[in-house]
Amino acid sequence: MTTPDVPAARPVSLRPEHRSAAGAERPRVTVLAGPTAVGKGTVSQFIREHYPQVWLSVSATTRQPRPNEREGQHYFFVEPEHFDELVSRDQMLEWAVVHGVNRYGTRRDTVQRALDDGQHVLLEIDLQGARQVRQAMPEATFVFLSPPNWDELVHRLVGRGTESPEEQRRRLETARMELAAEPEFDAVVVNDTVERAARELVRIMGLDPDDHL
Ligand SMILES: Nc1nc2c(ncn2[C@@H]2O[C@H](COP(=O)(O)OP(=O)(O)O)[C@@H](O)[C@H]2O)c(=O)[nH]1
Ligand SMILES: Nc1ncnc2c1ncn2[C@@H]1O[C@H](COP(=O)(O)OP(=O)(O)O)[C@@H](O)[C@H]1O
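Before going into details, it helps to say that this report is about the structure given with it. Just so we're clear, the structure is a prediction, and the values are computed from it rather than from any experiment.

**What about the site of ligand 1?**
Part 1 of the argument: Around ligand 1, the surrounding shell holds 19 residues, and the nearest of these are Ser59, Arg63, Tyr104, Glu124 and Arg171.
Part 2 of the argument: In this structure, Arg63 approaches ligand 1 through a side-chain N or O atom, which is 2.5 Å from an oxygen atom.
Part 3 of the argument: With the chains in place, 93% of the 570 Å² that ligand 1 exposes on its own is no longer accessible.
Part 4 of the argument: Of the pockets mapped on this structure, ligand 1 occupies the largest pocket.
Part 5 of the argument: Counting only elements with at least two residues in the shell around ligand 1, the list comes to β5 (92–98) and β6 (102–107).
Part 6 of the argument: Here the residues of the shell around ligand 1 are counted per class, giving five nonpolar, six polar and eight charged.

Here's what the structure looks like:
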C-alpha cells in the first residue's frame, strides 16, 4: 500500500438537500472499505443488482481489465497518462495506489452529479481513499466490511484465485494493517453472507432493505 502524494481532497458539496429525510444529519454519501478479498466487490455487486436506488460509483483505474469485466460497469479502464491528467486537473475526489502498482480513483464530477440528482451514493474504495474522503466530506458515513475471521479472509483470497501466491502474501500483509483501521469507521458490517451484509449496509445508508428488486 502506497500513500499517494496528493493535496488534501477538495469536497464535493453536501447541501442540506443531499441529506435524507430520515434525519437532518444523515448524509447521502456512504463509503465502503475493508481488507482485500473480504467481499467488497461481491457485496457491491449484490447492491447493484438488487437496490437500483443506490448509485454505485464506478472508479477509474490504470489496471488491466479481467476477462469478465466491462468498461464503465466495473471500472473505467484508463491509461496512466489519462489518470495523471485527471489528477492534475483536480478531477479526483480521492485516489490511491492500491496493492503497490495500479491507481484507482473516484471522479468528483460524477459523484456531484449523482448527489445533485438526489441519489444515495455508495463509494467502494480502499482505506487510503476512505481517509481522503473523510477529510473532504466528514459528514459521509464510513462503513468497514469485515471478515467473519482471519482464516475466512485467507480462504476467500486464495479461493478467488486471481493473485499469485506472492501477491497473496503481499495483500495479506496489507490486510493486517487495514483490519487495524476498523475503529476509524462509523459502522462495521461483518460479511458473513452476502445478502445479510448487503441488507445491513443498505439499512445503514438510511434505506429500507426490504425495498429491493
Ligand atoms: N482509493 C480507491 N480505491 C479503490 C477505488 N476503486 C477500487 N478501489 C480499491 O482497489 C482495490 C483493488 O480492487 P480490484 O482491482 O478490483 O481488486 P480486488 O478488490 O482485489 O478484486 C480494492 O481494495 C478496491 O476497494 C477507488 O476509486 N479509489
Ligand atoms: N459472504 C461471502 N461468503 C463467502 N464467500 C464470499 C463472500 N463474499 C465474497 N466472497 C468470495 O470471496 C472472494 C473475494 O471477494 P471480492 O468481492 O472479490 O473481494 P474484494 O472486492 O473485497 O477484494 C470471492 O471469491 C467471492 O466470491
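**Concerning the packing of aromatic side chains**
Part 1 of the argument: Applying the stated criterion across every chain yields a total of four aromatic pairs.
Part 2 of the argument: Linked through ring pairs, Tyr75, Phe77 and Tyr104 together constitute an aromatic cluster.

**Observations regarding the site of ligand 2**
Part 1 of the argument: Close to ligand 2 lie 14 residues, the nearest being Ala37, Lys40, Gly41, Thr42 and Arg160.
Part 2 of the argument: Between ligand 2 and Gly41 there is a distance of 2.8 Å, counted from an oxygen atom to a backbone nitrogen or oxygen.
Part 3 of the argument: Arg160 places a polar side-chain atom, nitrogen or oxygen, 2.8 Å from an oxygen atom of ligand 2.
Part 4 of the argument: Protein chains bury 72% of the 570 Å² of accessible surface belonging to ligand 2 in isolation.
Part 5 of the argument: A molecule is said to occupy a pocket when more than half its atoms come within 2 Å of that pocket's grid points, and by this definition ligand 2 occupies the largest pocket.
Part 6 of the argument: Sorting the residues of the shell around ligand 2 by element identifies α1 (40–50) and α5 (150–160) as the ones contributing at least two each.
Part 7 of the argument: The leading source of residues in the shell around ligand 2 is α1, at three residues.
Part 8 of the argument: In terms of residue class, the shell around ligand 2 is made up of four nonpolar, six polar and four charged.

Thresholds, definitions, all that
Residues numbered from 1 in each chain as written. Chains lettered and ligands numbered in written order. Predicted model: local features only at pLDDT ≥ 70, side-chain atom pairs only at ≥ 80, totals over all residues. Heavy atoms only, no water. Near = heavy atom within 4 Å. Polar contact = N/O pair within 3.5 Å; in protein donor to acceptor, adjacent residues only side chain to side chain. Areas by Shrake-Rupley, 256 points an atom, 1.4 Å probe, with all protein chains shown as cover. 1 Å grid on protein atoms, 1.4 Å probe; cavity = no way out; pocket = protein on both sides within 12 Å on 5 of 7 lines; lining within 4 Å. Sits in = over half its atoms within 2 Å of the grid points. Helix = DSSP H or I, 4+ residues; strand = E, 2+ residues; numbered from the N terminus. Nonpolar A, V, L, I, M, F, W, Y, C, P; charged D, E, K, R; others polar. Phe/Tyr/Trp six-rings, centres within 6.5 Å; stacked < 30°, edge-to-face > 60°.

This is a description of form; function is not addressed.
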